[in-house]
Amino acid sequence: MFKLFLAICLLVTASTVYGGMITASSSTRFVSKFSHIRVSKHKISGKTSRGATIQLLTAKSKQLAKTVSNRKGHFSIKLKHAKLTKLNFKLKASKHGFRSRWFKHSKTATKISRKKAPQSGSNKPVETPEQVKPVIPATVNPSPQPSTLPKYPATVEPTKSKEQLIQEKLKQLDDASNDAARIHAEFDSKLAPFNEKYLLIIRDFESTDKEIDKQRIDLQKAIISKDNDQIDKTNKELTKLKSEYEQKRKDYIAIQAEHDRLYSPISKAERLVIELKNEILELDPSYYPDMA
């Protein structure tokens, strides 16, 4: 009886530890790191996980543009109204069920070209300026000068201490956080039907992505076993799935744009909260913001 009880305890302990390992590993999945990043005047391109949402943000987390990476993970963003090479910006790659990745870009310094002075030992002739006839200025009657007004010293407001500035920012942060929570609660109830459609399209898009991977594995197995009938069948299924994937990818991009438009007030309120936290952190490095 004692041996049976000991065996049950060991089995329960092992299952608990194993389950914990699975949970830990699933919660630490990241989107692939950014690679092959190329930044030109009005375009940025690169590579990350396939089907990931790529956001182009300013240094203060304001969104400038957005796209979705293709089947191979490649993405490209064009921005006509700004020069990317002279901007400090960030890229954020996010995907449902994965932790996000970030990429920061610092603006490049402009190079000033200077002409080299001619060397003393060079044989090139030095051009001499042509003689120019002097121009006699025309006589101009002096215009009456306006009477100068007396200057008064500008009023200078008393400077605030760092502690006062921090307290003001904390008050603003408290108000902004309350506004963000209120707006979030209002929009969550109004947009509940849209959220159901949004999640359905995202899950359908990801399901097709996984099915394509499964069919590719089946195709490799059929090639190894030299099963021509299975090879033809799998190729037809892959062609069909790829066509569906492209259409679902367009639906995914469209629903993401609609989501951003509807949730714009929430995003604006949350962005203000983040900016205030960053400002407080600059004033007081010991401040630990709650980024939840």
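S.K.: I'd like to hear about the packing of aromatic side chains, residue by residue, with values.
M.R.: Here a ring pair, both rings aromatic, is described through the centre-centre distance and the interplanar angle of the planes. All told, the structure shown has 5 aromatic pairs when counted by the stated rule. An angle of 25° between the planes, with centres 6.0 Å apart, marks the rings of F194 and Y198 as stacked. Remark: Y198 and F194 occur in helix α3 (residues 192–225); sequence separation between them is 4 residues, near one turn of the helix. A relative accessible area of 13% means that F194 is categorised as buried. On the basis of relative accessible area, Y198 is assigned to the buried category, the value being 14%. Between F205 and Y252, the aromatic rings sit 4.7 Å apart at their centres with planes inclined by 25°, giving stacked as the arrangement. Within this pair, whereas F205 is found in helix α3, its partner Y252 is found in helix α4 (residues 228–262), the two being separated by 47 residues in sequence. Assigned by exposure class, F205 and Y252 land together as buried. Three or more aromatic residues link up through ring pairs in this structure, and these residues are F34, F75 and F103.

S.K.: I'd like to hear about the sheet that holds strand β2 (residues 43–47), residue by residue, with values.
M.R.: Pairing in this open sheet of 3 strands is antiparallel, and the strands run β1-β2-β5 from one edge to the other. Looking at the sheet topology across the chains shown, the edges are occupied by β1 (35–39) and β5 (74–78). Averaged over all neighbouring strand pairs, the angle between strand axes comes to 10°, with direction disregarded. Bridging between β2 and β5 involves 5 bridges; their strand directions are antiparallel. Residue K47 lies in a different strand from β5, and its bridge partner there is H74.

S.K.: Lay out α3 in plain terms, naming residues and giving numbers.
M.R.: The terminal C-alpha atoms of α3 lie 50 Å apart, and with 34 residues this matches the ideal 50 Å at 1.5 Å per residue to within 8%. All of the buried residues in α3 are F194, Y198, I202, F205, E206, T208, D209, I212, Q215, L219 and A222. Packed against the buried residues of α3 are α4. Two residues or fewer after α3 comes K226, characterised by a positive phi angle close to 60°.

S.K.: Can you lay out the side chain of T234 for me, pointing to particular residues and giving the numbers?
M.R.: Within the secondary structure layout, T234 lies in helix α4. Of the polar contacts made by the side chain of T234, one reaches the backbone oxygen of Q230; its length is 2.7 Å. Setting aside anything within four residues of it in sequence, one finds T234 in contact with Q215, D218 and L219.

S.K.: Summarise the nonpolar core; cite the residues concerned and give the values.
M.R.: One finds L173, F194 and Y263 to be the most contacted residues of the largest nonpolar core, which totals 28 residues. Put simply, the parts of the chain that give this core at least two residues each are α2 (162–190), α3, α4 and α5 (264–283). Beyond its immediate sequence surroundings of up to four residues, Y263 is in contact with D188, L191, F194 and N195. Counting residues in hydrophobic clusters, the runner-up holds 15 residues, among them V31, I44, A52 and F75.

S.K.: I'd love a proper account of the pattern of salt bridges, names of residues and values included.
M.R.: Tallied over the entire structure, the rule returns 12 salt bridges. Notably, a salt bridge pairs K171 with D175, separated by 2.9 Å at the nearest N-O pair. Placement of both K171 and D175 in helix α2 is noted, with a separation of 4 residues, approximately one turn of the helix. For K171, a relative accessible area of 49% translates into the label partly exposed.

Here is what the cut-offs are and how they apply
- Residues numbered from 1 in each chain as written.
- Predicted model: local features only at pLDDT ≥ 70, side-chain atom pairs only at ≥ 80, totals over all residues.
- Heavy atoms only, no water.
- Phe/Tyr/Trp six-rings, centres within 6.5 Å; stacked < 30°, edge-to-face > 60°.
- Helix = DSSP H or I, 4+ residues; strand = E, 2+ residues; numbered from the N terminus.
- Buried < 20%, exposed > 50% of the residue type's maximum accessible area, 1.4 Å probe, protein only.
- Pairing = 2+ DSSP bridges.
- Axes fitted to C-alpha atoms, helices over the stretch in contact; angles between N-to-C directions.
- Expected span 1.5 Å × (residues − 1).
- Contact = heavy atoms within 4.5 Å.
- Polar contact = N/O pair within 3.5 Å; in protein donor to acceptor, adjacent residues only side chain to side chain.
- Core = buried A, V, L, I, M, F, W, Y, C linked by side-chain atoms within 4.5 Å.
- Salt bridge = Lys/Arg side-chain N within 4 Å of Asp/Glu carboxyl O.

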